[in-house]
Amino acid sequence: MHRAWFVAAVTFVTIIGAAAFRAVPGLFIDPLNEEFGWSRGTIGAAVSVNLALYGLTAPFAAALMDRYGIRRVVAVALTVIALGSGLTVWMTAAWQLMLCWGLLVGLGSGSMALAFAATVTNRWFTARRGLVTGILTAASASGQLIFLPVVSWIVATYDWRPAAVTVALAALAVVPFVWLLLRDHPADVGQKPYGAQEFVPKPEPVPGAARRTLKILFSAVRTGPFWLLAGSFAICGASTNGLIQTHFVPASHDHGMPITAAASLLAVIGIFDVVGTVASGWFTDRFEPRRLLAVYYALRGISLLFLPMLLAPGVHPPMIFFIVFYGLDWVATVPPTLALCREHYGDDSAIVFGWVLASHQVGAALVAFLGGVARDVFGSYDVVWYASGALCAAAALMALVIRRRPRTPGLAVG
């Protein structure tokens, strides 16, 4: 078996460990509200800072990986995630929540974002890139699948503090695997990238990571596809991480559903997210990415319009159908979006995708905050579900507008 598959496996496990925190915010909203009296808007603001930094850090992390290597950046990022999650057990004020959840975990998880998966895929694979992208993207959902039931049980049985410590330990446990098994480039082990016809020498470290990242951004913003990809991906983040992942559990609890039951439904989303994302990677290798995106966003928007009618004290078949359907579509948008970045931006696609991911997280951050505010103001989440459904329809139209262009060798970055 080619070494690239072992690197992909280590990357998969690493993203699972970093994804532990992604299972936490929705489960902690009610306990923090009850213990400290913080409003859902305040807690949502901390989550929004985390989501925004998660996205804004990603393009710089991709450039740092080019400069210092994947292993160093990822090991430091996991340590920062563990530090931020662990320190929450001593917090007593809302600004400390912003510092731990928002700043530290946001910076650490941003360095472990999908730009990490894009960098590994671009370096180690020439063939099967769509499939590998789908598999690595699904790792985040797998982490959710693993940790949501565990963390929700800990919160319900003990407290939110042991759950925060569990997340910190999960991130630390992955660091040895990264340091011992992950390699930066196929040339480090004397191999060609998977599917390549010729040996590819390891490029020299690229100095000026921040400057290069910003130059690539300035070049990308002068192109139409960047804005269409960034805009549609912002809506993707708003309707997944910002909406369902942050507010589904408290919204279900508002209708009388136990927190553990709601968390289990989110875990089921994680199961079908793995299936949907891997399948989307397979489809992306064979079908037009723009059309795939349009279909994904349109179906997601329709499903959100029905959600207010499905929330109830118990779990019933229509809700299970929604969960399965939404899971299949959760991040199925990633492989075709990354494929379009490669098509238009070539060798700089990992960093461009990092900026597109930043828009994803900014959209998620806005809805994480505004969703909490809407709940405080209106007493329910209904208006948020309907607004997000309309936004998904707009994203489907944006995907169709992107024009097909021949792949270029890369953006000029000076």
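Residues numbered from 1 in each chain as written. Predicted model: local features only at pLDDT ≥ 70, side-chain atom pairs only at ≥ 80, totals over all residues. Heavy atoms only, no water.

K.L.:
Sorry if this is basic, but what is going on with the overall build of the protein here?
P.N.:
Check the secondary structure of the protein and you find 17 helices and zero strands. With the C-alpha coordinates aligned to their principal axes, the bounding extent of the protein is approximately 60 × 45 × 40 Å. Out of the 414 residues in the protein, the part that is buried amounts to 58%. A separation of at least 24 residues holds for 85% of the contacts in the protein among residues at least 6 apart in sequence. Of the accessible surface of the protein, which amounts to about 15700 Å², a share of 70% is contributed by carbon and sulfur atoms. If you average the places of the 27 positive and of the 19 negative side-chain charges in the protein, the two averages end up 10 Å apart. (Helix = DSSP H or I, 4+ residues; strand = E, 2+ residues; numbered from the N terminus. Buried < 20%, exposed > 50% of the residue type's maximum accessible area, 1.4 Å probe, protein only. Contact = heavy atoms within 4.5 Å. Areas by Shrake-Rupley, 256 points an atom, 1.4 Å probe, with all protein chains shown as cover. Lys, Arg positive; Asp, Glu negative; His and termini not counted. Charge placed at Lys NZ, Arg CZ, Asp CG, Glu CD.)

K.L.:
What's the story with the packing of aromatic side chains in this structure? I'm lost.
P.N.:
For any pair of aromatic rings, geometry is given as the distance between the ring centres together with the angle between the planes. In the structure shown here, the tally under the stated rule is 15 aromatic pairs. Among the aromatic residues, those joined into a cluster by ring pairs are F28, F36, W38, W101 and W160. (Phe/Tyr/Trp six-rings, centres within 6.5 Å; stacked < 30°, edge-to-face > 60°.)

K.L.:
How do you make sense of the state of the cysteines when you look at a structure like this?
P.N.:
Here, disulfide denotes a covalent bond that connects the sulfur atoms of two cysteines. Scanning the model with the defined rule gives zero disulfides in all. Considering cysteine sulfurs only, C236 is the nearest to C392, which forms no disulfide, with 8.1 Å between them. The exposure class assigned to C392 is buried, which follows from its relative accessible area of 0%. (Disulfide = S-S within 2.5 Å.)

K.L.:
Quick question: what am I supposed to make of the side chain of T57 here?
P.N.:
Topologically, T57 is positioned in helix α3 (residues 40-68). When its relative accessible area of 12% is taken as the criterion, T57 is described as buried. A polar contact of 2.7 Å, which involves the side chain of T57, links it to the backbone oxygen of L53. Ignoring any residue separated from it by four or fewer positions in sequence, one finds T57 in contact with G106, L107, G110 and S111. (Polar contact = N/O pair within 3.5 Å; in protein donor to acceptor, adjacent residues only side chain to side chain.)

K.L.:
Would you explain the nonpolar core in this entry?
P.N.:
Side chains of nonpolar character tend, in soluble globular proteins, to be buried together. F28, I244 and F248 are the most contacted members of the largest nonpolar core, which has 123 residues in total. The greatest single-element share of this core, amounting to 13 residues, is contributed by helix α16 (residues 349-378). Apart from residues no more than four positions distant in its own chain, F28 is found in contact with W101, V151, V155, W160, A163 and A164. (Core = buried A, V, L, I, M, F, W, Y, C linked by side-chain atoms within 4.5 Å.)

K.L.:
Where do I start with the pattern of salt bridges in this structure?
P.N.:
Between side chains of opposite charge, a pair can form as their charged atoms come close. Inspection of the entire model under this criterion finds six salt bridges. With a shortest N-O distance of 3.2 Å, D159 and R161 are connected by a salt bridge. D159 sits in the partly exposed class, given a relative accessible area of 26%. For R161, a relative accessible area of 23% gives the class partly exposed. (Salt bridge = Lys/Arg side-chain N within 4 Å of Asp/Glu carboxyl O.)

K.L.:
What is the right way to look at the packing of helix α4 (residues 70-87) against helix α5 (residues 94-111) in this model?
P.N.:
Packed helices, taken two at a time, are described by the angle between their axes plus the distance between the axes. It is the contact of α4 with α5, at a shortest axis distance of 8 Å, that shows an interaxial angle of 160°. Put simply, α4 runs roughly antiparallel to α5. Seen along the crossing, α4 lies across α5 with a hand that is left-handed. In this structure, α4 contributes V73, A77, V80, I81, L83, G84, S85 and L87 to the contact, and α5 contributes C100, L104, V105, G108, S109 and S111. Tallied by class, residues from the contact of α4 with α5 come to nine nonpolar, five polar and no charged. (Axes fitted to C-alpha atoms, helices over the stretch in contact; angles between N-to-C directions. Parallel < 35°, antiparallel > 145°, perpendicular 65-115°, else oblique. Left-handed = near helix turned anticlockwise from the far one by under 90°. Nonpolar A, V, L, I, M, F, W, Y, C, P; charged D, E, K, R; others polar.)

K.L.:
Sorry, what's going on with the confidence of the model for the protein here?
P.N.:
Fine structural detail should not be taken from predicted coordinates in areas where pLDDT scores are low. In this model, the protein carries an average pLDDT of 82, and 94% of its residues clear a pLDDT of 70 or more. In the predicted structure, residues 407-414 sits below a pLDDT of 50 and forms 25 contacts with residues beyond four places in sequence or in another chain. (pLDDT = per-residue confidence, 0-100.)

K.L.:
Quick question: what am I supposed to make of the packing of helix α10 (residues 224-239) against helix α13 (residues 289-310) here?
P.N.:
The geometry of α10 relative to α13 is characterised by a closest axis approach of 12 Å and an angle of 35° between their N-to-C directions. For the pair α10 and α13, the crossing hand works out as left-handed. Counting all contacts with α10, which are made through S232, F233, C236 and S239, the residues of α13 involved are Y297, R300 and L304.

K.L.:
For this particular structure, what's the right way to read the environment of G86?
P.N.:
Mapped onto the fold, G86 is located in helix α4. You can call G86 buried: its relative accessible area is 17%. Each C-alpha atom, one on G86 and one on R161, is 8.6 Å from the other, the two residues being 75 residues apart in sequence.

K.L.:
I'm lost on a nonpolar patch on the surface in this one. Help?
P.N.:
Residues V295, L299, I302, L305, F306, M309 and Y386 make up a contiguous nonpolar surface patch of about 680 Å² in total accessible area. Top element by residues in the nonpolar patch is α13. It accounts for six residues. Mapping L299 onto the fold places it in helix α13. (Patch = residues over 30% accessible without salt bridge, like charges linked within 9 Å, V, L, I, M, F, W, Y side chains within 5 Å.)

K.L.:
Would you take a moment to explain helix α1 (residues 3-18) for this structure?
P.N.:
One full turn of an α-helix is made of 3.6 residues, so residues set three or four places apart face in the same direction. Here α1 contains 16 residues, and its C-alpha end-to-end distance of 23 Å stays within 8% of the 22 Å for a straight helix at 1.5 Å per residue. All of the buried residues in α1 are A4, V7, A8, V10, T11, T14, I15, I16, G17 and A18. (Expected span 1.5 Å × (residues − 1).)

K.L.:
What is the right way to look at α10 in this model?
P.N.:
Along its 16 residues, α10 runs 23 Å from first to last C-alpha, staying within 8% of the 22 Å computed at 1.5 Å per residue. Among the 16 residues of α10, 13 are classified as buried, and the element is accordingly described as predominantly covered.

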